[in-house]
Amino acid sequence: MTANELEIAAITDPGVTRDNNEDSIAQTPELGLVVLADGMGGHQAGEVASGLAVDIISRHIANVVNGDAHQDFVTDSGSLENNSIDAAIRLANATIFETAQARVECAGMGSTVVVAMLHDNKISFGHVGDSRLYRMRGDKLEQITEDHSVVQELLSRGLITPEEAHTAYNKNLVTKALGVEATVEPDVNELEFEANDLYLLCSDGLSDVLKDDTIAELLGDGKDDLDYAVKRMVNVVNENGGPDNISIILLRPHANFSRSDERNSSGNGFQHE
């Protein structure tokens, strides 16, 4: 796939106050696939959890598309892409849960995750937790995933305002995460994309610090250079204290985007960052 078909820019940064980075990101450009995970757990167990999440999800989806997958989970989420995302997230959850049970140093670990995959004229996406997917179409930024969090539940019930949600003391309390229970129900959806839509995947290290209108402004300023845009967003977060790890992936399909469906049993193209 050439650069004029699909643009991807990705970055992960520990932030200012954290000694280690428990976020993980991965991309498989020829499949139009990106994955972002935000780990949790002491003694670097969060890093283990997020690393397992992006590795398992990326490889499983690649194997499904390449026709080489062993389906550990059977789902009915619609398209092949939706099904593969759903199954991959469930598989990652099971592996993280089993690892946390088997290894004392990993007890209690977990991870959020958000996955996006472009195909035909659609984007399939799935998530667990409060890592987000946004779409910027023209000058309008819209969050298209809904956080699995205590604050989101309060917001959905009309008990707090969006401003109160952004500043809530318990905004990091998630109601769902990979590895916490033996099974998980991810949210998986599909939308049609338009050429030059810009999709943003991020951990809460970005969204907890910057409001949506600030994110939109930074994306607008950097729309002609996605690598500059992700670096600039990280810099602005760190200028505002950088209290958490920050991970960002930008994904932009062009009018001639076409996902490669070449069969490749070796799974080449996986890139972990």
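Up top is the structure these notes are about.
My aim in this report is to walk through the structure given alongside it, one point at a time. (Residues numbered from 1 in each chain as written. Predicted model: local features only at pLDDT ≥ 70, side-chain atom pairs only at ≥ 80, totals over all residues. Heavy atoms only, no water.)

## Here we look at the pairing of strand 6 (residues 132-137)
Burial of strand 6 is extensive: 5 of the 6 residues sit out of reach of the surface. Here strand 6 pairs with strand 9 (residues 198-202) via 5 bridges, running antiparallel. Paired with leucine 133 across the two strands is leucine 201, which belongs to strand 9. One ladder, built from 4 bridges, connects strand 6 with strand 7 (residues 140-143); its direction is antiparallel. Looking across to strand 7, one finds that methionine 136 is bridged to leucine 141. (Buried < 20%, exposed > 50% of the residue type's maximum accessible area, 1.4 Å probe, protein only. Helix = DSSP H or I, 4+ residues; strand = E, 2+ residues; numbered from the N terminus. Pairing = 2+ DSSP bridges.)

## Side note on the sheet that holds strand 6
Note on sheets: strands pair through backbone hydrogen bonds, and any given pair is parallel or antiparallel. Read from one edge to the other, the open sheet built from 5 strands follows the order 1-10-9-6-7, with strand pairing classed as antiparallel. With partners counted over all chains shown, the strands left at the sheet margins are strand 1 (6-13) and strand 7, one partner each. Recorded for the sheet is a direction-independent mean angle of 15 degrees between the axes of neighbouring strands. With respect to the sheet, helix 6 (residues 212-221) is in contact with strand 6, strand 7, strand 9 and strand 10 (246-253), its orientation differing from that of strand 6 by roughly 55 degrees. Strand contacts of helix 7 (residues 226-239): strand 1, strand 9 and strand 10, with the helix running at about 155 degrees to strand 10, the strand carrying the most contacts. (Axes fitted to C-alpha atoms, helices over the stretch in contact; angles between N-to-C directions. Contact = heavy atoms within 4.5 Å.)

## A few points about the packing of helix 6 against helix 7
Contact geometry of helix 6 with helix 7 gives a least axis separation of 9 Å together with a crossing angle of 140 degrees. As for how helix 6 packs across helix 7, the hand of that crossing is right-handed. The residues of helix 7 that touch helix 6, namely those facing Ile215, Leu218 and Leu219, are Arg232, Met233 and Val236. Along the lines of polarity and charge, the residues of the contact of helix 6 with helix 7 split into 5 nonpolar, no polar and 1 charged. (Left-handed = near helix turned anticlockwise from the far one by under 90°. Nonpolar A, V, L, I, M, F, W, Y, C, P; charged D, E, K, R; others polar.)

## Topic: the environment of threonine 214
Following the sequence through the fold, threonine 214 ends up in helix 6. In this structure, the C-alpha to C-alpha distance between threonine 214 and valine 236, residues 22 residues apart in sequence, is 9.8 Å.

## Quick word on the nonpolar core
Counting residues in each nonpolar core, the largest one holds 30 residues, and the members touching the most others are Ile57, Ile61, Ile89, Val113, Val115 and Leu178. At the level of secondary structure, the elements contributing two or more residues to this core comprise strand 3 (33-40), helix 1 (45-65), helix 2 (80-102) and strand 4 (110-119). Element by element, the count of residues in this core is highest for helix 1, at 9 residues. Those residues in contact with isoleucine 57 that lie beyond four places of it in its chain are Val35, Ala88, Ile89, Ala92, Val113 and Val115. Of all hydrophobic cores here, the second largest spans 24 residues; its members include Leu198, Cys202, Leu210 and Leu250. (Core = buried A, V, L, I, M, F, W, Y, C linked by side-chain atoms within 4.5 Å.)

## Description of the pattern of salt bridges
Enumeration over the complete set of coordinates arrives at 10 salt bridges. With a closest N to O distance of 2.7 Å, aspartate 197 and arginine 137 form a salt bridge. Residue aspartate 197 is found in the loop between strand 8 (187-192) and strand 9, and its partner arginine 137 is found in strand 6; the two are separated by 60 residues along the sequence. Residue class for arginine 137 comes out partly exposed when judged on its relative accessible area of 28%. Note that glutamate 239 is salt-bridged to arginine 232, the shortest N-O span being 3.6 Å. Ionic contacts of the salt-bridge type, sharing partners, join the residues Asp86, Arg90 and Glu185 into one network. (Salt bridge = Lys/Arg side-chain N within 4 Å of Asp/Glu carboxyl O.)

Functional significance is not addressed by these values, which are geometric in nature.
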